[in-house]
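So the chains spell out like this:
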Amino acid sequence: MNKQIDNIPKKPISFRTNTIPTWCPGCFNFQILAGTEQFLKSQLEKNPRKEWAMVSGIGCHGKMFDYLNLPGLNALHGRSIPVALGMKVAKPDLNLLVYCGDGDAYAEGMEHLVHAARYNSNFKLLVHNNQVFALTIAEPSPVTELGYKDKTNPAGVKLQPMNPIKLMLASGASFVARVFADVNQIKQVLEEAEKHKGFAFIEVLQPCVIFHPDSNYRLRVYNLQEKGHDKSNFKLAMEKAEEFDYTSNNSKIPLGIFYQKEKFVFENLI
Amino acid sequence: MKVTIIFGGKAGQGPNLLSEVVSRGLLGAGYYVFYSREYESLIRGGHNYNILTFSDKPVYSNESQIDLLVCLDNNTKSIHKNQLKKSGIIIEGDKGNMFYAGSVFKILGLTLESLEQVLKKLDKYEELFDETKAGYNFEKRKIALEKTKNRFFNDELINGSQAIAKAAISSGLEFYYAYPMTPATPLMMELGQMQMNKNNKHKVIELESEIAVINASLGSRGVGSIAMIGSSGGGFDLMTEALSLAGMAEIPLVIYLAQRPGPSTGLPTYTGQGDLNLALYSGHGEFSRVVVAPGDLCESLEKTNECFTLSEKFGVPCILLGDKHLGESKSLVLEKPSINKVEKNKIWPAKFNSYEHDYNGIVTEDVKMINQKFEARMKKQKNIELEVSKLETYKILGNRNSKNVILFWGSVKGAVTDAVKDFGIDAKLVQILYLEPFPEKIKTELKDAKNIIIVENNSTSPLSNLITQKTQIKIEDKNKILKYDGRPFFSDLLAQEIKRRLK
């Protein structure tokens, strides 16, 4: 069994392990890692007694587990969510960060994602959505755009991608957000999610610098909150979710919190 | 003296409650009782029945020939009348199950007062006594029973599922995760009901799939709560990727695998022993596991407890291998089980990893570290083998000096022991309790045998293969007594089969 580590950190603290990241140079996962670190540091200043843990899946995002100095489980592909649920049920006070890729959350582990919205267990889920299976070298995922080509499908993707924001809204998620893979956006959305009691779904639009580079996402994004979006309005949230279909290369891409409404929390019902 | 009764009817007519009422009456009069149930995969209608065998001596199985046939519908008579002995009695008519409870009490010479007491204990007195009394007074026939002086201190009839539930709670169970699947569901129901007792701290949680179930249990145990999961073959199949994760992450895990005949959906509501190899070999990669198969109620209590102890001590998945017959047949627990306090292993907080990882739980691809971790797992296997060898890994029953050996595992135990005891068979019975780690020293019990017979509720006899693999002793095909129709063995028919092989 593995060596125990202290997850109630004492100052001075680094939330990073000594492991040197093996992500590609310029990988947007560095942004998500740094954003998480900054969030944890600010949390530590606010409340040094909080106990933190993490769960991750399999894919490039899963390497977060080796770099973040938090206890937890680097789970099977697609299975981070039920592991997280089991942790919260057993230890409701645990502050839990859960990381998935688009393969984990939208393909192999889809059933758990839908049910996570139903259970509304109090943890934060970040889906590193780079719209491609990067670690297995560029195969399309369920959110890859129409026409995308790789070695496994030279004729190009013929299916429309799914829209995870709509799926989460329809499934009853109590906190639905999308951010771009940027340090400040990650930190800010985690701070918003921290105030939310329940399941926080956060999709992180993340270009893959090798297999799915950012064409023009950064030119197209805008922030819902800056535009005065009413996040308590479900119908409006659905409309906003439809603005970007994960395929078009000219539509606007809304970021921020689409929808937020607290409801019962699974572990408090048990 | 041994008497067998079949209570049959449509699902919803209540043959199960009828068996329970009669069984309790018989217990009160000092008779040992064993009853199994057969039901179809439907909710109302069809043909359900219970077989009750009782005796003035301990009884662990049913016989095929019956003394009394209680028909709650016409179908029951046509299906079972050929099992009736010449002197057998049929109860039939258009009355309800409780009317016939009265009739059966009268036929067996049980008193009306004892019937009253049984109904009171079941909280059914007010609504049902008048009907049962009418049945009692109406009935005039009789089966003369030998008197018995037996008095039981414990009058609680339980099934294997209830035994496992009790032992799991005594072992410190905090969470039971499951997705409904027959015949594992009775354990889920039992643990669900036992949540109502304020002294019990465990919670039963139903999740969206068996995959969620096993991963959630690893999450719960990872952060420090003792968890158990259960399913039958198909659901267990879905769990096997995470079974391998438990092997890699070394998180304690107890799995109840309740067998029913496959392949595929197979026969959902019947019994079988077709999943031995599934329990032994499922999951990718090389990792340790424990597979233990109780054969009766006392063993269900003890082996469940041992699963928790071993999984905690070694961070190893322990599979409790049962089946529908063990899980749903009821009798008394006649021995006092030995249940030990489970020492919870403090493993949290730590990093657990599905990848090969170093001692800090961080992914490694380093040759030296990989070798160290494989060697650590091999050493752990040796430690588990050593620890298990201190437990009761097999049992020798019957005549220890006999040159005839009967080998078996799991729930066929009841029929095998009754066949040998009640039909005058000279044999040494070897019951394998631990299938993994396998007690290789049983070779000494087999090497002088003239005949080795194997009894299994399956068609390919996986135990024979395992015995050959571990002891180099080959079991002849003609000595394999195999039953794969989804029904348990009857002791009388099994005795005939054994005798035929010993000629």
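Residues numbered from 1 in each chain as written. Chains lettered and ligands numbered in written order. Predicted model: local features only at pLDDT ≥ 70, side-chain atom pairs only at ≥ 80, totals over all residues. Heavy atoms only, no water.

*Asks:* Outline the overall build of chain A, listing residues and values.
*Replies:* Per the secondary structure count, chain A includes 10 helices and 8 strands. The C-alpha atoms of chain A give a radius of gyration of 18 Å, which matches the 18 Å a tight globule of 270 residues would have. For chain A, the proportion of its 270 residues judged to be buried stands at 59%. Residue pairs at least 24 apart in sequence account for 74% of intrachain contacts in chain A once pairs closer than 6 positions are excluded. Element-wise, carbon and sulfur atoms account for 54% of the exposed surface of chain A, whose accessible area totals about 10,800 Å². Mean positive and mean negative side-chain charge positions of chain A (31 and 27 charges, respectively) differ by 3 Å. (Helix = DSSP H or I, 4+ residues; strand = E, 2+ residues; numbered from the N terminus. Rg over C-alpha atoms; globule rule 2.2 N^0.38 Å. Buried < 20%, exposed > 50% of the residue type's maximum accessible area, 1.4 Å probe, protein only. Contact = heavy atoms within 4.5 Å. Areas by Shrake-Rupley, 256 points an atom, 1.4 Å probe, with all protein chains shown as cover. Lys, Arg positive; Asp, Glu negative; His and termini not counted. Charge placed at Lys NZ, Arg CZ, Asp CG, Glu CD.)

*Asks:* I'd like to hear about the sheet that holds strand E4 (residues 66-71) of chain B, residue by residue, with values.
*Replies:* All names here are of chain B. The 7 strands are arranged E5-E4-E1-E3-E2-E13-E6 in an open sheet whose pairing can be described as mixed. Two strands close off the open sheet at either side, each with one partner strand: strand E5 (84-91) and strand E6 (158-159). Note that strand E1 (residues 2-11) and strand E3 (residues 45-55) share 9 bridges and pair antiparallel. Bridging from a neighbouring strand, Lys-2 pairs with Ser-55 of E3. (Pairing = 2+ DSSP bridges.)

*Asks:* Report on the interface of chain B and chain A, specifying residues and quantitative values.
*Replies:* A common measure of how large an interface is: the accessible area buried when the components associate. Each side of the interface is counted separately: chain B has 45 residues, and chain A has 39 residues. Between chain B and chain A lies a buried interface of about 3,400 Å² when both sides are counted; carbon and sulfur atoms form 60% of it. On the chain B side of the contact with chain A, B:Glu208, B:Trp348 and B:Lys351 bury the most area, a combined 20% of that side's loss. At the boundary of chain B with chain A, the tally comes to 0 salt bridges. Where chain B meets chain A, there are 15 residue pairs in polar contact (both at pLDDT 80 or more). (Buried area = accessible area lost by both parts, 1.4 Å probe. Salt bridge = Lys/Arg side-chain N within 4 Å of Asp/Glu carboxyl O. Polar contact = N/O pair within 3.5 Å; in protein donor to acceptor, adjacent residues only side chain to side chain.)

*Asks:* Can you explain the pairing of E1(B)? Please cite residues and give values.
*Replies:* Residue and element names in this part refer to chain B. Counting buried residues in E1 gives 9 out of 10 residues, a clear majority hidden from the surface. Note: E1 against E4, 4 bridges, orientation parallel. From the neighbouring strand, Phe-7 faces E4, where its bridge partner is Val-70.

*Asks:* Describe the sheet that holds strand E15 (residues 394-398) of chain B, and please don't skip the residues or the numbers.
*Replies:* Residues and elements named next belong to chain B. With mixed pairing, 5 strands are arranged side by side in an open sheet as E15-E17-E16-E19-E20. Each having just a single partner strand, E15 and strand E20 (480-482) make up the two edges of the open sheet. Taken pair by pair, the neighbouring strands of this sheet meet at an average axis angle of 20°, ignoring direction. Judged from the 3 bridges that link them, strand E19 (residues 451-456) and E20 form a sheet pairing that is parallel. Across the sheet, the residue bridging to Val-455 is Ile-481, located in E20. (Axes fitted to C-alpha atoms, helices over the stretch in contact; angles between N-to-C directions.)

*Asks:* Account for the domain arrangement of chain B, naming residues and giving values.
*Replies:* All names here are of chain B. Assigned domains within chain B: domain 1 (2-138), domain 2 (158-389) and domain 3 (394-502). Once you take the C-alpha centre of each, domain 2 and domain 3 turn out to be 26 Å apart. In this assembly, domain 2 and domain 3 are joined by 15 residue pairs in polar contact (both at pLDDT 80 or more). Where the side of domain 2 that touches domain 3 is concerned, the elements lending two or more residues are helix H10 (276-281), strand E11 (290-292), helix H11 (297-314), strand E12 (317-323), helix H12 (324-328) and helix H13 (367-389). (Domains from an automatic or database assignment.)

*Asks:* Provide a residue-level description of the packing of helix H1 (residues 15-28) of chain B against helix H4 (residues 112-121) of chain B, including the pertinent values.
*Replies:* Residues and elements named next belong to chain B. Between H1 and H4, the least distance of the axes is 9 Å, while the angle of their chain directions is 125°. With respect to their mutual orientation, H1 and H4 come out oblique. The way H1 lies across H4 gives a crossing that is right-handed. Along its contact with H1, which presents Val-21, Arg-24 and Gly-25, the element H4 presents Leu-115, Val-118, Leu-119 and Lys-121. Here the contact of H1 with H4 is composed, by residue class, of 4 nonpolar, 1 polar and 2 charged. (Parallel < 35°, antiparallel > 145°, perpendicular 65-115°, else oblique. Left-handed = near helix turned anticlockwise from the far one by under 90°. Nonpolar A, V, L, I, M, F, W, Y, C, P; charged D, E, K, R; others polar.)

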